[in-house]
Amino acid sequence: VVNANVTPTFTQVAPICSGATLASLPTTSNNSITGTWSPALNNTATTTYTFTPDAGQCATTTTMTIVVNPLAITPTGNATQAFSVVNLNDSTINSLIVSPTSVIWYPTLADAQAATNPIAAGTVITNGSTYYAVNVAGGCPSTPFAVTVTVTLGSNEFDVKSFVAYPNPV
């Protein structure tokens, strides 16, 4: 009796971001063939892995390529930005300038690293606060970029017509 060789089947591993945790590949296929993978797992570059079945299973080798996407480019810009406004509500998160402009802003470094609690567009910025910009490309986030803001009330105009000083002489 000559048995036909069986090709092991596996569930494809989804793409990961460079440096992310890459779980061990299963040593038993979806169709119950046991074996080993080579080379060693690499979470920094796209790699094709080969599964070699254990002896005596009438099975062929198979491969799986795991895509590793690079991290997005870290935003750049001035780490301190100052705004002079007539009303405190005039400066919003949209006022901050970084490149690229399509970043996600976070209120804390921990939020930026965990990608939680993003700041909504139009949110008023607070004097002395630090905000964190994260660029996302291909589903992979960049390193957070910190921007500390100074917001001051001011006016470049002085209405002399309605200015009154009394009693006279002042």
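Residues numbered from 1 in each chain as written. Predicted model: local features only at pLDDT ≥ 70, side-chain atom pairs only at ≥ 80, totals over all residues. Heavy atoms only, no water.

Colleague: Sorry, what's going on with the overall build of the protein chain here?
Modeller: Of the regular secondary structure elements, the protein chain holds 1 helix and 13 strands. Its helices and strands in sequence order give the protein chain the pattern β-β-β-β-β-β-β-β-β-α-β-β-β-β, from N to C terminus. C-alpha extents for the protein chain along the principal axes are approximately 120 × 20 × 20 Å. Looking at the protein chain alone, contacts between residues at least 24 apart form 56% of all its contacts between residues at least 6 apart. A total accessible area of about 10,700 Å² is found for the protein chain, and carbon and sulfur atoms account for 56% of it. (Helix = DSSP H or I, 4+ residues; strand = E, 2+ residues; numbered from the N terminus. Contact = heavy atoms within 4.5 Å. Areas by Shrake-Rupley, 256 points an atom, 1.4 Å probe, with all protein chains shown as cover.)

Colleague: Help me out: how do you make sense of the environment of Ala121 in this one?
Modeller: With respect to the helices, strands and loops of the structure, Ala121 is situated in the loop between helix H1 (109-114) and strand E10 (130-134). Separated by 115 residues in sequence, Ala121 and Val6 place their C-alpha atoms 55 Å apart. Setting aside residues no more than four positions away along its own chain, Ala121 makes contact with Ile93 and Asn94.

Colleague: So what exactly am I meant to see when it comes to unusual backbone geometry here?
Modeller: Most peptide bonds adopt trans geometry, and most residues besides glycine take a negative phi value. The residue after Ser38, namely Pro39, is reached through a cis peptide bond having omega -5°. A cis amide bond links Ser99 with the next residue in sequence, Pro100, at an omega value of 0°. Counting through the fold element by element, Pro100 comes out in the loop between strand E8 (98-99) and strand E9 (104-106). Located in the positive-phi region is Ser32, a residue other than glycine, with phi close to 65°. Its place among the elements puts Ser32 in the loop between strand E1 (16-17) and strand E2 (35-38). By relative accessible area, Ser32 is classed as exposed at 56%. (Buried < 20%, exposed > 50% of the residue type's maximum accessible area, 1.4 Å probe, protein only.)

Colleague: Got a minute to help me understand the sheet that holds E9 in this structure?
Modeller: With mixed pairing, the 4 strands of this open sheet are ordered in space as E7-E13-E10-E9. Across the chains shown, the open sheet's two edge strands, defined by having one partner strand only, are strand E7 (80-85) and E9. Taking the axes of each pair of neighbouring strands and ignoring which way they run, one obtains an average angle of 35° across the sheet. In terms of strand pairing, E7 meets strand E13 (residues 145-153) through 6 bridges, oriented parallel. Counterpart to Phe83 in the pairing with E13 is Val151. (Pairing = 2+ DSSP bridges. Axes fitted to C-alpha atoms, helices over the stretch in contact; angles between N-to-C directions.)

Colleague: Please clarify how the nonpolar core should be interpreted in this entry.
Modeller: Proteins that are soluble and globular tend to have nonpolar side chains buried together. Ranked by internal contacts, the top residues of the largest apolar core, which has 15 residues, are Leu96, Trp105, Ile125, Tyr131 and Val149. Counting only elements with at least two residues in this core, the list comes to E7, E10 and E13. Looking at this core element by element, the count peaks at 4 residues for E13. Apart from the residues within four sequence positions on either side, Ile125 is in contact with Phe83, Ser91, Thr92, Ile93, Leu96, Tyr131, Val149 and Val151. Phe10, Leu22, Ile33 and Ile66 belong to the second largest nonpolar core, which has 11 residues in total. (Core = buried A, V, L, I, M, F, W, Y, C linked by side-chain atoms within 4.5 Å.)

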